[in-house]
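Breakdown of the fold
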Amino acid sequence: CFDSLTAFILFHDAVYNPKALDNEEQSAAAFRRYAKHIDLDLSESIQNLILASKTHKCTDTYQANLGLDIDMAILGSEPSRFIEYDRAIRKEYEHVPDCMFFQARKRFLQQCLQDEIYHTPMFKEMFHAQAVMNINGLLDDERYAKA
């Protein structure tokens, strides 16, 4: 039996290139190549889960929303871990000039605050309040504030 959530977790970042704009599509294609032996409907469902991680918008299935919440859990981590994560993101994108990086990252963080960060009741309860504090703390940082 092939579990969709497990497949999503394993494959949603199978292809990750900070310079590329199609990582999710490439990850879905990698899954498709790997999973030739599974049912076509299940394979397509898993590929759609992987593609949903591009926008993190709420879907119509609990399993997909749970996968997206797992992917975004870091936003609601303790502040020191969140800052460590933010620094790692900046390092990943060190090829992007500061002005462009902080503008784009600020838009992403603001969008997180406007949308639902988490889609499942468990993740909302466990991580939402801390995620909002973490994101607002970053947005108050001088690098983000002037972006």
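Residues numbered from 1 in each chain as written. Predicted model: local features only at pLDDT ≥ 70, side-chain atom pairs only at ≥ 80, totals over all residues. Heavy atoms only, no water.

1. A word on the packing of helix H1 (residues 4-11) against helix H3 (residues 40-52)
Rule in force here: Note on geometry: axes are C-alpha line fits, over the in-contact stretch for helices, and angles between N-to-C directions span 0 to 180 degrees. Helix and strand definitions follow DSSP, with helices as H or I runs of at least four residues and strands as E runs of at least two, each counted in order from the N terminus. Roughly parallel means an angle under 35 degrees; roughly antiparallel means over 145; roughly perpendicular covers 65 to 115; every other angle is labelled oblique. With the far helix as reference, a near helix turned anticlockwise by less than a right angle produces a left-handed crossing, and one turned clockwise produces a right-handed crossing. Contacts were defined at the residue level, with two residues in contact if any of their heavy atoms lie within 4.5 Å. Note on residue classes: Ala, Val, Leu, Ile, Met, Phe, Trp, Tyr, Cys and Pro are nonpolar, Asp, Glu, Lys and Arg are charged, and everything else, Gly too, is polar.
In contact at an axis separation of 9 Å, H1 and H3 are set at 45° when each is read in the N-to-C sense. Judged on the interaxial angle alone, H3 and H1 are oblique. You can see that H1 and H3 cross each other, and the crossing is right-handed. Residue-level inspection shows Ser4, Ala7, Phe8 and Phe11 of H1 in contact with H3, the latter providing Leu42, Ile46, Leu49 and Ile50. Across the contact of H1 with H3, the residue classes tally to seven nonpolar, one polar and no charged.

2. Things to note about the packing of aromatic side chains
Defined as follows: Each Phe, Tyr or Trp ring (for Trp, its six-membered ring) is paired with any other whose centre lies within 6.5 Å, and the angle between the two planes then decides the class: stacked below 30 degrees, edge-to-face above 60, tilted in between. In this scheme, a residue with accessible area under 20% of its type's maximum is buried, one over 50% is exposed, and one in between is partly exposed, where area comes from a 1.4 Å probe on protein chains only.
This model, assessed by the stated rule, comprises nine aromatic pairs. With 5.9 Å between their ring centres and 40° between their planes, phenylalanine 82 and tyrosine 85 make a pair best called tilted. Residue phenylalanine 82 and its partner tyrosine 85 are located together in helix H5 (residues 79-92), separated by three residues, close to a single helical turn. Like tyrosine 85, phenylalanine 82 is buried. Where tyrosine 93 meets phenylalanine 101, the ring centres are 6.4 Å apart and the plane angle is 35°; that geometry is what we call tilted.

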